[in-house]
Amino acid sequence: MPDPERPEGPGGYDPVGPRPREAVSPTGQGGAMDLALEEAESLEKVPGPGGGPGEKARSLWSDAWHQLRRNPVFIISSLLILFLVVISIWPQLIASGDPLHCELSKSQQGPGPGHPFGYDTQGCDVYTRTVYGARASITVGVCATLGAALLGSLLGGLAGFFGGWGDSLLSRVADIFFGIPVILGGLVFLSVVTSTTVWPVVGFIVLLGWPQLARIARGSVITAKQNDYVQAARALGAGNARMMLRHVAPNAVAPVIVVATIALGTYIALEATLSFLGVGLRPPTVSWGIDISNAASQIRNAPHMLLYPAGALSITVLAFIMLGDAVRDALDPKLR
C-alpha cells in the first residue's frame, strides 16, 4: 500500500528505494523513535583499521605485550636471559665438576676431551668456573636493580607528587651522588669491606644507582599527575594515597621499568669491573670478573683463560641491554 508521505515517481517508481526494516524504541515521553535495524547493529560495531569490525581497546601494558611477542629481539634476549637464570640457579645441569677443584699439574692447558675451555693458572676447569660464575653476576645484577628501582621509585615518586622542600632536597642529594665517580667510589667504599659475599657490592651499586631512577620516577610522576583523570579524581574527593596508587603510579612506572632493565646489564658489567680491580667479589666466590683479572696477565700464553669468561660476560650484558631496548620500544608510543 503506498505511503502518502512518500512521493512516487512516474509509473509508481519509488526514488528513495525500499524502506529498511524498522525498530521502534520507546522514548519515555509518549512518542516513538524510529531506527533502522541495520543502522542500530552498525552502531554497536566500531570499524577497525581495515574497515572491518574493530577490536576491543587495549591498555598500554596489553598493547606493549602484543608488540613484544612479535619482536625477535625481545624473544632472543628473553630466551638467553632465561637460560642464564636457569644455569645460575642450577649450574649442575650443564657442569658436573667443582669450580674450586684445581690441579696444578694441568695449569694453563688448552681445551681437551671433557674440558672444552681448558684450565686456568691454578689448574681449575675454565668451563665449570664460567658456568658457576653466572650465579654471582646474575645475583648482583638482579638484586642491585631491584634495590635501586624500589628506593629510587619511592623517593622520586613522593618528591614529584608532593613537591615543595622535599623535592628540592631530593634533587640536591641526587646531584651529590651524581658527582661521585663510580669506579673511584667503589675503590674507596669496597676497599674497607672484608666480606666475600655479594651483598657489599649490591649495597654499593644501590647506593650510587638510586639517584638516576629517582630522577626518572620524579619526572614521570610530575607528568602523570597533570593529566585530566588525576584532576578529576582530586575533584571527586580522592585522597593522596588513592590518587598515587590507583592513578599516578600505574601510569608513571613504565619509564622506570625501561631504565631499570637497561641498567641491569650495566650493573653486571660494573660488578665485573670492580672484581677485576680487586675490590668487588673476592675468592672463594666464583665470578667472571675474578677470572678475567687472573687471566689478564696470561693473555699471550693462555688466551682461552680470558676468552670464555669475557665472552660470557659480554653476552649477558648484551642480552639485558637488548631486552631493555625492546621494552623501551614497546612502552614508548613515540617510537611506534
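Residues numbered from 1 in each chain as written. Predicted model: local features only at pLDDT ≥ 70, side-chain atom pairs only at ≥ 80, totals over all residues. Heavy atoms only, no water.

J.: Would you take a moment to explain unusual backbone geometry for this structure?
T.: Excluding glycine, residues mostly carry a negative phi; peptide bonds, for their part, are mostly trans. Cis geometry marks the peptide bond from Pro-283 to Pro-284; its omega dihedral reads 10°. Mapped onto the elements of the fold, Pro-284 is located in the loop between helix H10 (254–276) and helix H11 (288–296). You will see that Gln-108, though not glycine, has its phi angle at about 60°, which is positive. Relative to the helices and strands, Gln-108 is located in the loop between helix H3 (72–89) and helix H4 (126–162). A residue is classified by how much of its surface remains accessible, and Gln-108, at 25% relative accessible area, is partly exposed. (Helix = DSSP H or I, 4+ residues; strand = E, 2+ residues; numbered from the N terminus. Buried < 20%, exposed > 50% of the residue type's maximum accessible area, 1.4 Å probe, protein only.)

J.: Help me out: how do you make sense of the pattern of salt bridges in this one?
T.: Opposite charge on two side chains lets them pair, provided their charged atoms get close. As enumerated under the stated definition, the model contains seven salt bridges in all. The shortest N-O distance in the salt bridge between Asp-329 and Arg-328 comes to 3.5 Å. Of the residues examined, Asp-329 reaches a relative accessible area of 30% and is grouped as partly exposed. Its relative accessible area of 34% is what places Arg-328 among the partly exposed residues. The network of salt bridges with shared partners includes Arg-172, Asp-175 and Arg-215. (Salt bridge = Lys/Arg side-chain N within 4 Å of Asp/Glu carboxyl O.)

J.: Would you take a moment to explain the state of the cysteines for this structure?
T.: Note on terminology: a disulfide is the covalent bond linking the sulfur atoms of two cysteines. Under the defined criterion, the tally for this structure stands at one disulfide. With a sulfur-sulfur separation of 1.6 Å, Cys-102 is cross-linked through a disulfide to Cys-124. The disulfide joining Cys-102 to Cys-124 has a torsion of about 60° about its S-S bond and is therefore right-handed. One end of the pair, Cys-102, is in the loop between H3 and H4; the other, Cys-124, is in the loop between H3 and H4, with 22 residues separating them in the sequence. (Disulfide = S-S within 2.5 Å.)

J.: For this particular structure, what's the right way to read the side chain of Asp-120?
T.: Assignment of secondary structure puts Asp-120 in the loop between H3 and H4. Of the buried charged residues, Asp-120 lacks a salt bridge, with Arg-129 as the closest side chain of opposite charge at 4.2 Å. A distance of 3.2 Å separates a polar atom in the side chain of Asp-120 from the backbone nitrogen of Gln-122. Residues in contact with Asp-120, not counting those within four places in the same chain, are Lys-106, Ser-107, Gln-108, Val-126, Arg-129 and Met-305. (Lys, Arg positive; Asp, Glu negative; His and termini not counted. Polar contact = N/O pair within 3.5 Å; in protein donor to acceptor, adjacent residues only side chain to side chain. Contact = heavy atoms within 4.5 Å.)

Distances and angles like these do not, on their own, reveal function.
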